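Structure at a glance
The primary structure of each chain is shown beneath.
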Amino acid sequence: EEAAADALVGFDMIDCRLDIEPGLAAIADPEHLTRILGNLVRNAAQAMQHHTRRDKLLLIRALRIEGRCEIEGIDHGPGVRESLRERLFEPFVSAAPEAGGTGLGLAIARELTRAMGGELTLKRTGAEGATFRIELPAA
């Protein structure tokens, strides 16, 4: 909740909803996880900000699956351009250079996730939006 609230400052038209399994806990560094989630929320908000869809929804869903904590950020933005998909997590590759980003956010987020024994992936993308998944060991 804190990461989403901080990342959405200045994005008044974005509706962020949380669907988190009660009692869910991950084995993770709280500061790293906050930074990762904040980055994903900010990226989604930037993608949706100027998109033509009226329902600018970001759903953060988290649940336990087979000993893993899965966190998904599901947005209603334009999706990730095909030309960027293979290089999306490389440093200095920006999906939205017009938003003023450096292209480091997703690269750093993936490295932090991996340092905690997890993985960050682009699960789905298309005209209906994008879904990023964070997988971490569950506590």
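Attention in this report is confined to the structure presented alongside it. (Residues numbered from 1 in each chain as written. Predicted model: local features only at pLDDT ≥ 70, side-chain atom pairs only at ≥ 80, totals over all residues. Heavy atoms only, no water.)

**Topic: the overall build of the protein chain**
Scanning the protein chain from terminus to terminus reveals 4 helices and 5 strands. In terms of overall size, the protein chain behaves like a compact globule, its C-alpha atoms giving a radius of gyration of 14 Å where 139 residues would be expected to give roughly 14 Å. Its C-alpha atoms give the protein chain principal-axis dimensions of about 40 × 30 × 25 Å. Here the protein chain, with 139 residues, has 42% of them falling under the buried criterion. Across the protein chain, the fraction of contacts at a sequence separation of at least 24, relative to all contacts at a separation of at least 6, is 63%. A total of about 7900 Å² of accessible surface is found on the protein chain, and carbon and sulfur atoms cover 51% of it. If you average the places of the 17 positive and of the 22 negative side-chain charges in the protein chain, the two averages end up 4 Å apart. (Helix = DSSP H or I, 4+ residues; strand = E, 2+ residues; numbered from the N terminus. Rg over C-alpha atoms; globule rule 2.2 N^0.38 Å. Buried < 20%, exposed > 50% of the residue type's maximum accessible area, 1.4 Å probe, protein only. Contact = heavy atoms within 4.5 Å. Areas by Shrake-Rupley, 256 points an atom, 1.4 Å probe, with all protein chains shown as cover. Lys, Arg positive; Asp, Glu negative; His and termini not counted. Charge placed at Lys NZ, Arg CZ, Asp CG, Glu CD.)

**As for the pairing of strand β5 (residues 129–137)**
With 8 of its 9 residues buried, β5 lies for the most part within the structure. Pairing of strand β4 (residues 119–126) with β5 involves 7 bridges; the strand directions are antiparallel. When the sheet's bridge partners are listed, Gly-126 is paired in β5 with Gly-129. Hairpin remark: β4 followed by β5, antiparallel, with 2 residues in the connecting loop. (Pairing = 2+ DSSP bridges.)

**Things to note about helix α4 (residues 105–115)**
Listed in full, the buried residues belonging to α4 are Leu-106, Ala-107, Ala-109, Arg-110, Leu-112 and Thr-113. Those residues of α4 that are buried lie in contact with α2 (30–49), β4 and β5. One or two residues past the end of α4 sits Gly-117, with phi positive at roughly 85°.

**Focus: the pairing of strand β3 (residues 68–75)**
Most of β3 is tucked away, with 7 of its 8 residues classed as buried. As paired elements, strand β2 (residues 57–65) and β3 share 8 bridges and run antiparallel to each other. Note on β3: the bridge partner recorded for Leu-58 is Asp-75. Between β2 and β3, which pair antiparallel in sequence order, lie 2 residues; one of them, Glu-66, sits at a positive phi of approximately 50°. Of the strand pairs in this sheet, β3 and β5 are connected by 7 bridges, and their pairing is antiparallel. The partner of Ile-74 across the bridge, within β5, is Thr-131.

**Some remarks on the pattern of salt bridges**
For the coordinates displayed, the defined rule picks out 9 salt bridges. As a salt-bridge pair, Arg-114 and Glu-119 come within 3.1 Å of each other at their nearest N and O atoms. By relative accessible area, which is 25% here, Glu-119 ends up partly exposed. Via salt bridges that share partners, Arg-61, Glu-70, Glu-72, Lys-123 and Arg-133 belong to a single interconnected network. (Salt bridge = Lys/Arg side-chain N within 4 Å of Asp/Glu carboxyl O.)

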